[in-house]
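Next come the chains, spelled out residue by residue.
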Amino acid sequence: MGRLLRCGRGLLDAASLDRALTTLARPAVRALAAAATEQGTDAAADVGDRSARAALDALGLLREDGRPFRAVAERLEALLAERPDAIAEQPAAADPPVPDVRARALLAEHAAAATRAVTDIVALSADQPLAVTGGGAVTAVDRRRLVDTHVVRDGDELDDLLRLAADAGLLVPVDRAWRVAVAGDAWLPGSTTQRWQRVAVGWRDGLPAALRTADGGYLPPARWEGAVPLDPDWPATVAAVRARAVRWGLYDRDGAEPEWTRGLRRGAEPDAAALTALLPAEIDSVYLQADLTAIAPGPLRSAVDLRLRTMAVRESQAQASTYRFTADSLAAAVAGGEDATSLRDFLSTISLTGIPQPLDYLIAQTAARHGLVRVGTDATTGRTRVTGADPQVLRTIAVDQSLRSIGLMPDGAALTSRVSRDAVFWTLADARYPVVAVDAAGQPEPLARRHAPVPAAPPADPAAPLLPLAHALLAHSASRCGCRVAAPRARPGRAYPQRDHRHGADARRRRARVHPGRDRTGRRTPARTRPRRRHRAHPPRGEHRGRAARVDWTVMSDGPLIVQSDRTVLLEVAHPDAESARHELAIFAELERAPEHIHTYRITRLGLWNARAAGHQADDMLATLERWSKFPVPPSVSIDIRETVNRYGRLVIDRDADGQLILKSTDAAVLTEVSKNKRIQPLLVGHPSADVYLVDAWARGHIKQELLKIGWPAEDLAGYTPGTPHPIDLAEQDWSLRPYQRHAVDIFTEGGSGVVVLPCGAGKTLVGAGAMAATKTTTLILVTNTVSARQWRDELAAPHEPDRGRDRRVLRPGQRGQAGHDRDLPDPHGEAEGAVRPPRPAGRAGLGSDHLRRGASAARAGVQAHRRPAGAAAPGPDRHPGARGRPRRRRVQPDRPEALRCAVEGDRVAGLHLTGRLL
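Quick caveat, the model's predicted, so the values are computed rather than measured. (Residues numbered from 1 in each chain as written. Predicted model: local features only at pLDDT ≥ 70, side-chain atom pairs only at ≥ 80, totals over all residues. Heavy atoms only, no water.)

By the secondary structure assignment, Ser-629 is in the loop between helix H25 (618–628) and helix H26 (635–647). Taking the relative accessible area as the measure of exposure, Ser-629 reaches 1% and is therefore buried. From its side chain, Ser-629 meets the backbone oxygen of Phe-631 in a polar contact 2.4 Å long. (Helix = DSSP H or I, 4+ residues; strand = E, 2+ residues; numbered from the N terminus. Buried < 20%, exposed > 50% of the residue type's maximum accessible area, 1.4 Å probe, protein only. Polar contact = N/O pair within 3.5 Å; in protein donor to acceptor, adjacent residues only side chain to side chain.)

Let us look at the packing of aromatic side chains. The geometry of an aromatic ring pair comes down to the distance between the two centres and the angle between the two planes. Evaluated as defined, the whole model comprises five aromatic pairs. When the centroid spacing of 5.3 Å and the interplanar angle of 90° are considered together, the rings of Trp-203 and Tyr-218 count as edge-to-face. Taken together, the positions of Trp-203 in helix H11 (residues 192–205) and Tyr-218 in the loop between H11 and helix H12 (234–247) put the pair 15 residues apart, joining distant regions of the chain. Residue Trp-203 shares its accessibility class with Tyr-218, and that shared class is buried. Judged by centre distance (6.4 Å) and plane angle (50°), the rings of Trp-203 and Trp-224 are tilted. Residue Trp-203 is located in helix H11, and its partner Trp-224 is located in the loop between H11 and H12; the two are separated by 21 residues in the primary sequence. (Phe/Tyr/Trp six-rings, centres within 6.5 Å; stacked < 30°, edge-to-face > 60°.)

Attention shifts here to helix H2 (residues 14–21). Residues of H2 that are buried include every one of Ser-16, Leu-17, Ala-20 and Leu-21, and no others. Relative to the axis of H2, the buried residues are bounded by an arc of 130° and lie together on one face. (Arc of directions from axis to C-beta.)

Close contact between helix H29 (residues 739–751) and helix H30 (residues 764–775) brings their axes to 9 Å; oriented N to C, the two are set at 45°. As the angle between them shows, H29 and H30 are arranged oblique. The way H29 lies across H30 gives a crossing that is right-handed. Only Leu-766, Val-767, Gly-770, Ala-771, Ala-774 and Thr-775 of H30 make contact with H29, whose side of the interface consists of Gln-741, Ala-744, Val-745, Phe-748 and Thr-749. Among the residues making up the contact of H29 with H30, the classes are represented as seven nonpolar, four polar and no charged. (Axes fitted to C-alpha atoms, helices over the stretch in contact; angles between N-to-C directions. Parallel < 35°, antiparallel > 145°, perpendicular 65-115°, else oblique. Left-handed = near helix turned anticlockwise from the far one by under 90°. Contact = heavy atoms within 4.5 Å. Nonpolar A, V, L, I, M, F, W, Y, C, P; charged D, E, K, R; others polar.)

Looking at where His-575 falls in the secondary structure, it is placed in the loop between strand S14 (568–572) and helix H23 (578–585). Spatially, the C-alpha atoms of His-575 and His-597 are 9.7 Å apart, while their sequence positions differ by 22 residues. Once you skip the residues sitting within four places of it in the chain, His-575 turns out to touch Asp-558, Gly-559 and Pro-560. Polar contacts involving the side chain of His-575 include one to the main-chain amide nitrogen of Asp-577, which spans 3.1 Å.

Of the residues in the chain, 72% reach a pLDDT of 70 or more, and the chain-wide mean stands at 75. Low confidence marks residues 39–48, where pLDDT is under 50. Its contacts with residues over four positions away, or in another chain, come to 17 contacts. In the predicted structure, residues 816–919 sits below a pLDDT of 50 and forms 189 contacts with residues beyond four places in sequence or in another chain. (pLDDT = per-residue confidence, 0-100.)

In this section: the sheet that holds strand S4 (residues 287–288). Pairing between the strands of a sheet is mediated by backbone hydrogen bonds and can be parallel or antiparallel. Reading across from one edge, S4-S5-S7-S6 is the order of the four strands in this open sheet, with antiparallel pairing throughout. Bordering the open sheet on either side are S4 and strand S6 (313–317), each of which pairs with just one other strand. As paired elements, S4 and strand S5 (residues 293–296) share two bridges and run antiparallel to each other. Following the sheet pairing, Leu-288 is matched in S5 by Ala-294. (Pairing = 2+ DSSP bridges.)

Written as structure tokens, this is what we have:
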């Protein structure tokens with residue numbers, strides 16, 4: 001009894017009272033403060049509303065007459081002295097603002113993405129439960145597994161999604177692992193909206209009691225900050241709640257509330273129909289392609305997606321999903337109970353194009369290999385026995401270091417292990433061996449890896465049923481000394497099993513205070529073992545405060561494109577508008593894969609900047625996507641395109657009045673940022689004004705490359721050095737350039753530079769000849785080999801061809817030349833008659849540098865050719881092409897490219913000029 005009395009008195013010390021008072025909502029704090037100032041019992045009984053009085057009675061802070069205990073009143077007075085605003089009346093908060101149509105679309109995208117992520121977590125937990133540490137966090141191995149499979153981006157997102165799943169009753173902690181509940185198993189096959197709705201209701205029901213209202217709803221978000229005024233950890237709790245609400249598409253970061261959340265806040269069901277109207281319709285068909293990929297041209301139904309992922313690896317998931325079939329993925333499906341017939345039947349049902357021959361062959365080959373390794377239980381010894389028809393496979397298994405955990409030992413022509421049959425089977429299956437489980441009779445027995453759902457969440461602590469009895473004993477003991485006992489409270493919303501109560505009890509018995517981050521002896525504990533007390537709220541990738549209003553949102557009709565939030569664009573080849581969409585999409589997107597049914601493009605920063613440099617604006621690119629997209633363009637993609645395109649041109653490379661290269665910008669912050677980069681600083685040689693930096697003359701191309709790497713492409717307006725003029729014309733007799741060739745020449749002439757991309761035989765050489773004729777100046781032609789150099793020489797000086805009726809001659813014989821070592825090449829430094837002595841090189845020159853341009857313009861010949869790209873091996877003067885043996889290859893520095901030129905008089909090589917240096 002004496003021990004109980006000491007426990008009862010301990011419940012009224014300052015630490016115990018602080019734990020009770022910090023849980024009180026603002027109305028309860030105001031009611032308790034009013035009761036402490038009342039003198040009469042009747043007046044005290046009327047203080048506060050019923051919910052506040054009920055909270056105070058539940059914690060045992062009031063006497064029978066309605067007044068607080070003296071210790072409670074004293075401790076409350078001390079806390080209010082530190083926080084006098086805790087009893088201030090909060091102004092009535094109006095309903096949250098309504099988002100516009102663009103913000104609603106962004107919220108719908110967040111809701112769909114979060115629903116897919118929780119679906120993946122629950123499905124993965126059904127096959128392999130997520131292990132948790134003693135502090136309740138998911139282990140590093142499982143976190144990495146979810147990040148590597150692109151289910152979540154980081155650990156903070158995983159914590160938020162696990163909390164949402166736990167509040168909805170989808171996952172429960174059992175034996176230090178997250179297991180799928182019965183409700184979660186039934187939740188998986190539902191539609192996207194149904195799954196979202198269930199978790200949204202669970203989020204509301206899991207809110208702290210201070211945020212809940214009497215009608216089953218919750219307070220407006222504007223009143224969350226001051227709901228629990230005495231709790232120092234309350235701001236962190238509110239931040240975590242807001243982060244989960246934003247992630248689940250209930251509110252945006254500015255607190256705007258869509259129509260599907262309004263009913264949830266008022267205690268009713270969420271308006272799922274309003275959300276469904278903004279989401280694409282789910283489908284149950286895919287394209288199967290010969291490159292062993294499957295592409296769903298829209299959101300795939302959950303049941304089809306879960307079945308397809310048992311036999312294929314999902315590579316991406318957004319509005320459309322991409323899957324890839326491999327020998328390992330099909331082997332895992334066969335090990336899980338599938339066979340060739342069931343695989344073909346399922347794929348034939350969902351395929352829009354049938355089963356391609358490569359996939360059918362891979363299915364047959366995988367099914368034929370299945371069963372080479374058999375795992376069963378030895379009836380005599382009870383051990384697991386591994387046998388196989390191929391002894392070489394068994395020898396490989398015996399020496400495989402990844403299988404050390406199951407302890408396989410040779411036993412004649414078989415392997416044995418003390419580990420159970422199922423564990424050995426799944427270990428071998430995960431190692432991609434063609435394994436099959438057999439029963440006692442030796443017949444194949446399919447095993448299901450899926451764990452049985454948990455019917456209900458078990459108690460977090462085995463001693464929890466004894467807590468009411470302990471509280472009653474303490475209350476009886478305290479009543480004898482005129483005290484009331486505060487009931488032990490559970491932290492609202494804690495989903496992880498904790499052991500802090502035992503730790504704290506040990507510390508109190510030893511008269512030592514337990515500090516977070518320290519063990520019982522006062523030593524610091526490793527950070528990874530400490531329980532997380534704060535939840536960091538990060539906005540989803542691509543989302544920025546206040547940016548959603550700049551997105552043009554339009555509901556699209558049926559089109560050939562599917563734009564996904566991961567910046568990929570899928571093009572349906574069979575669509576009647578596919579060619580038109582392809583032509584416009586190729587301006588700013590890069591082609592990644594082009595199988596027979598679905599072509600995959602990717603929107604990259606470099607592609608967007610190239611399009612912007614060519615004169616295309618962000619509105620033009622978004623208009624292309626919106627015009628041809630089957631589904632609405634994700635707002636995050638629109639925001640990213642606008643921000644990326646707007647980065648181009650913020651920095652400009654130009655020349656000052658003295659001809660010096662300068663780097664300037666109207667944005668001082670951007671200019672300061674790039675000037676502090678350690679790779680750009682050596683390229684800047686002066687800072688004459690606040691918005692101008694001087695650039696070293698040789699570093700024009702180098703600084704452009706470095707700026708591109710850090711995400712600030714520069715617009716080059718410095719121009720080019722004029723070359724030596726030459727009378728170059730096209731002899732268009734009975735022929736002319738084609739319209740697209742003429743168009744390319746005109747664009748090149750207008751812009752002064754450009755890149756022409758044409759297939760073989762489309763006339764790239766003629767486009768180059770037209771550009772030479774338009775500019776009428778010295779031209780440097782860079783090619784990769786001697787064959788290409790000869791082709792250019794022959795094409796530019798081709799005589800009249802009667803059978804073809806045209807003359808493509810561009811240069812006179814004295815104007816053309818070719819780089820390289822021909823057999824009749826004389827000594828380049830000889831003084832023979834007609835030889836041209838090469839000028840002395842002025843110094844090093846990089847590709848695209850002004851020095852190389854000036855050298856080209858000062859050359860006597862009309863055409864120069866670059867034989868090899870920078871960094872390639874160059875022939876040395878000590879090796880003759882006719883000599884035997886392997887020629888010695890020399891290394892060329894990247895900033896010292898090889899550039900060879902020779903002048904030709906008729907058919908005789910007259911001289912050789914070297915404008916680079918060889919090592």
